2 protein chains.
Amino acid sequence: MKSSTLKEIAEKLNVSVSTVSRAVNQKEYVKEETRERVLRALEEYNYVPNEVARSLKMKSTKTIGIVVPDICETLFGMIIKGIDQVVSPQGYSIIVSDTNENKKNEEKYLNLLYQKRVDALVLATVDLKGTKAYEYIKSGIPVIFIDNIPALDIPVESVTIDNAKASQMAVEYLIGNGHQKIAVIGGSVDETTGYERISGYRDTLRKHGIEVDEQLIRYGMYKEDDGFRCMQEFLNNRGQSAFSAVYVTSEMMTFGAMKAIRQYGLRIPDDISIVGFDVHDKAGLVYPSITTVREPEVLIGTKVGELLLARLKKERKDMCQLEEDNKVLLDPDLEIGQSVRCIL
Amino acid sequence: MKSSTLKEIAEKLNVSVSTVSRAVNQKEYVKEETRERVLRALEEYNYVPNEVARSLKMKSTKTIGIVVPDICETLFGMIIKGIDQVVSPQGYSIIVSDTNENKKNEEKYLNLLYQKRVDALVLATVDLKGTKAYEYIKSGIPVIFIDNIPALDIPVESVTIDNAKASQMAVEYLIGNGHQKIAVIGGSVDETTGYERISGYRDTLRKHGIEVDEQLIRYGMYKEDDGFRCMQEFLNNRGQSAFSAVYVTSEMMTFGAMKAIRQYGLRIPDDISIVGFDVHDKAGLVYPSITTVREPEVLIGTKVGELLLARLKKERKDMCQLEEDNKVLLDPDLEIGQSVRCIL
DNA sequence: CTGAAAGCGCTAACAC
DNA sequence: GTGTTAGCGCTTTCAG
C-alpha cells in the first residue's frame, strides 16, 4: 500500500518521467491517449505526488506559518479558521505555533518555521522589537502582522482593527447613554493595541468636551486579575473620583472587573455600567449580557488569507519587498448587551 | 540577506559539503578546528538548514497533521496546545486543519496532508467509516484518534476519555444528591462518544437499581438548538415522565437546555438540577455555576504527543504496524458547581 | 508530443 | 578526518 513515485509509474508504462509529470500536472501538450494511460496507472499504482520533492524543486512549500500567543483564545482560533478557509482551497496548509505569550518561544518557533521554509508568516507577536520577524521580511518572505505591530524601520503589512475607532465606539455609546464620568482599564501602552485603545478613549472624551481624569485610568496586563485589581482601585477611590461607567479593553480584564464590582456588592448596570472588549459569551448565559466592542475575527482571518494569496502569487515574478506600509484597518463591531444603563 | 546553502559555505571554506554537513549536525568526527571554522562561517553567511531538502532525503518531514472539526472549540484548542508543547521541542511542527464538521472537507485535508507527507496524523474524525484514515494506517503512518474512534478492522490507537465512566460520575453525583428521575440528552449513538455516554448513563442507573425510563432519553446533534429542543420536549412531557435532574452530554446542548429551562420560568437548581459535559465558563460569570463532567484536555494533548513521539522514534527501525488496539482511556474530571440541588 | 538530463539542498555510504 | 558520489522525487529546459 505504499504509494509509488513518478519514476516507478514511468517504468511500468515505458514512458519517461517527464511525460508522467506533465500528465499529473495537466500541463503542456500530452497526447490524449498517453494522458489517459498515465492517469489510469496513477490510480492503479496508488500514486500520490510527493509534495516535499516538489517543494524542493519549486522553492515553495505551500505552507503558511501562523504564530500566536495562545491558540485557545477565541480571537486567534477564529482568525486561524478564517485563514485556513481561504488558503486551503489553493493547496496551502497552515502550521500553527502557540508561544504561550513567551518571547523566547516565539523566537524558537520563528526559527523552526524558517527552517521549514514556510512560504509566508502570520504573526501575533509578543516581541515588540520584532527582531526575528525582521529577518523574514528582509529575506523576502511575506509577513502579515495581526494584533500587535512591532516597531520596524521597514514597510510592514498588517491586518488589525481600528483600535482608536473601537474605543471611540465604546466611549460614545456610553456618552450617548448619559455617562460623563467614564473610567478605563487599558492594556500595556508599549504595545500598539494598548496604546491606541487608550488614546482613542482620551480623544473621544476630549472631542465631547469631557475632561480626562487621570485617576480614572488604570493599566493591566490583560489578565483577569489585572481587571479585578484595577476595578478594586477605582472602587476604593470612588470618594475622590466618582464614575458611573467603565470601559475595559480586554476580555479577561472585563471578567475580572465584573467580579470586583459584584464582590463590592454593586450591580451592573444599575450601579455601574460596563463596556468590554472582545467579550465572548458562547453560552449566552452571563447576566446581564455584556455590551462589548468586538473584532470581526473571521473577517480578519479571511482578509489575511486574501492578502497572503495575493502576495504569494506576485512573489513569483518579482521578489518584491513592500514599497510602503500596508496597514489594513478593519471596523470593530459594537455588540449591545444589557450592561449599560441609560441615565439620561 | 538570503540564507546560503551547505554547498556555498563549503566553497567559501574550501572544504567539502559533507564536512560542513557533519559540523552542522554535530555528527561523527570532525576536527575541532575545522568544526569551529565551519560554525563561524555558518554565522557569517547566515546559514539556515533547509528542512525541505533534509525531509526529502530523510523521508521525514518533522511535521504532524492534526485534523479537527472545529479549532475554536476549547477542547480541540487545548489538545492542540498540549500536543504542540510536547512535540515542538523535538523539532516537530503541527499542521492543523479545520474541517468545519464536514466529511468532504475532512477527506480533502487528509489527502492534502498525505501529499505533504506528514510523519503522523492526529484525527478527530467525523467520518465514522474512517476510510481515508485507513489508508494512512495501511501505508504505515502513525494515526492517533481523539474524540471519536471509527470502526476499522485493523488495530487503531486512540486517546480519549472513558466516556462510560464520565456518565457514571455524572449520574452517581446526581444520585448521591438524592435524584432518581434523571433525564438525559445524548449525542448521536452512531458515534462512539455518543454511544458510550448513553450506555454509561443506562448502566449506572441500573447498577443503582433505578429503572431506565425511555421517555427521559433524547438525542441531539451536539448543537445548542438540539439541547434546547430536547429540553423543551422533556418539559412539555413532564406530566407523564417527571424528573428532577438532567444530564446533558455536550457543552452547547447544555447551554441550550439551560435556556429552555429558564424560558420555562424554572430555576436551576431549585426546580431542576443539571449536570453538563465539557462546559467551559471562562468568564466564571454564569449563574449558577454549572456542575460538569470535563475532559482533561491538555492531558489528552500531552498524552497524544508522547505516544506520537514514541512511535515516531520506533518507526525508524521497523515500519511496524500496530499489533493490536491501543486505546488509552483517560479519567474525566467532575467539576462541581451549583447547578445540582441536594434533595435528600 | 516525448525523452534525456540537470539540479533543488541535503545525507550517508564509501573511499582516500 | 575529509572528500566523492549517489541519490531522495520532482520539474523543467532543451533536443529530438
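Data block above holds the structure.
Reading the values: rules and limits
Residues numbered from 1 in each chain as written. Chains lettered and ligands numbered in written order. Predicted model: local features only at pLDDT ≥ 70, side-chain atom pairs only at ≥ 80, totals over all residues. Heavy atoms only, no water. Helix = DSSP H or I, 4+ residues; strand = E, 2+ residues; numbered from the N terminus. Rg over C-alpha atoms; globule rule 2.2 N^0.38 Å. Buried < 20%, exposed > 50% of the residue type's maximum accessible area, 1.4 Å probe, protein only. Contact = heavy atoms within 4.5 Å. Lys, Arg positive; Asp, Glu negative; His and termini not counted. Charge placed at Lys NZ, Arg CZ, Asp CG, Glu CD. Phe/Tyr/Trp six-rings, centres within 6.5 Å; stacked < 30°, edge-to-face > 60°. Lys NZ or Arg CZ within 6 Å of the ring centre and 35° of its normal. Buried area = accessible area lost by both parts, 1.4 Å probe. Salt bridge = Lys/Arg side-chain N within 4 Å of Asp/Glu carboxyl O. Polar contact = N/O pair within 3.5 Å; in protein donor to acceptor, adjacent residues only side chain to side chain. Near = heavy atom within 4 Å. Least-squares fit on C-alpha atoms with pLDDT ≥ 70 in both.

*Asks:* Would you explain the overall build of chain A in this entry?
*Replies:* Broken down by element type, chain A carries twelve helices and twelve strands. Relative to the compact-globule value of 20 Å for 344 residues, chain A shows a C-alpha radius of gyration of 26 Å, a clear excess of over 25%. With the C-alpha coordinates aligned to their principal axes, the bounding extent of chain A is approximately 90 × 45 × 30 Å. Every one of the 344 residues in chain A was classed for burial, and the buried ones make up 56%. Long-range pairs, those at least 24 residues apart, make up 68% of the contacts in chain A with a sequence separation of at least 6. A gap of 5 Å separates the mean positions of the 45 positive and 51 negative side-chain charges of chain A.

*Asks:* So what exactly am I meant to see when it comes to the packing of aromatic side chains here?
*Replies:* For any pair of aromatic rings, the description consists of the separation of the ring centres together with the inter-plane angle of the planes. Residue and element names in this part refer to chain A. Scanning the entire structure with this criterion turns up four aromatic pairs over all chains. Arranged with centres 5.2 Å apart and planes meeting at 75 degrees, the rings of tyrosine 114 and tyrosine 136 form a pair that is edge-to-face. Here tyrosine 136 lies in helix 7 (residues 131-138) and tyrosine 114 lies in helix 6 (residues 103-115), a separation of 22 residues in the sequence. Both residues of the pair, tyrosine 114 and tyrosine 136, count as buried. Here lysine 62 stacks its cationic end above the ring of tyrosine 92, 4.5 Å away from the centre of that ring. The ring of phenylalanine 277 carries arginine 197 above its face, with NZ or CZ at 3.8 Å from the centroid.

*Asks:* Is there a simple way to think about the interface of chain B and chain A in this case?
*Replies:* A common way to state how big an interface is: give the accessible area lost once the parts meet. Tallying the contact residues gives 57 residues for chain B and 59 residues for chain A. For the pairing of chain B and chain A, the buried interface totals around 5000 Å² over both sides, and the portion due to carbon and sulfur atoms is 60%. For the salt bridge of Lys282(B) with Glu251(A), the shortest nitrogen-to-oxygen distance reads 3.1 Å. If you look at where chain B meets chain A, you find 28 residue pairs in polar contact (both at pLDDT 80 or more).

*Asks:* Help me out: how do you make sense of the protein's contact with DNA strand C in this one?
*Replies:* In the vicinity of DNA strand C lie 27 residues, with Thr19(A), Lys57(A), Leu6(B), Tyr47(B) and Arg54(B) positioned nearest. Backbone atoms, meaning sugar and phosphate, form 67% of the atoms of DNA strand C found within 4 Å of the protein. Taking Thr34(A), its side chain carries an N or O atom lying 3.0 Å from a phosphate oxygen of DNA strand C. In the model, a base nitrogen of DNA strand C is placed 3.0 Å from a nitrogen or oxygen of the Lys57(A) side chain. For the surface near DNA strand C, the elements supplying multiple residues, two or more each, are helix 2 (17-24) and helix 4 (51-58) of chain A together with helix 2 (17-24) and helix 4 (51-58) of chain B. A total of four residues in the surface near DNA strand C trace back to one element, the largest contributor, which is helix 4 of chain B.

*Asks:* Looking at this model, I keep getting lost on the relation of the copies chain B and chain A. Mind explaining?
*Replies:* Between the two chain copies there is a screw-like relation: a rotation about an axis and a shift along it. If you rotate chain B by 180 degrees and push it 0.0 Å along the axis, it lands on chain A with an RMSD of 0.0 Å. What the rotation and shift describe, once combined, is the action of a two-fold rotation axis. Scanning chain B for the C-alpha nearest the rotation axis identifies Ile95(B), at a separation of 2.2 Å.

Everything listed is a geometric property; what it means functionally is a separate question.
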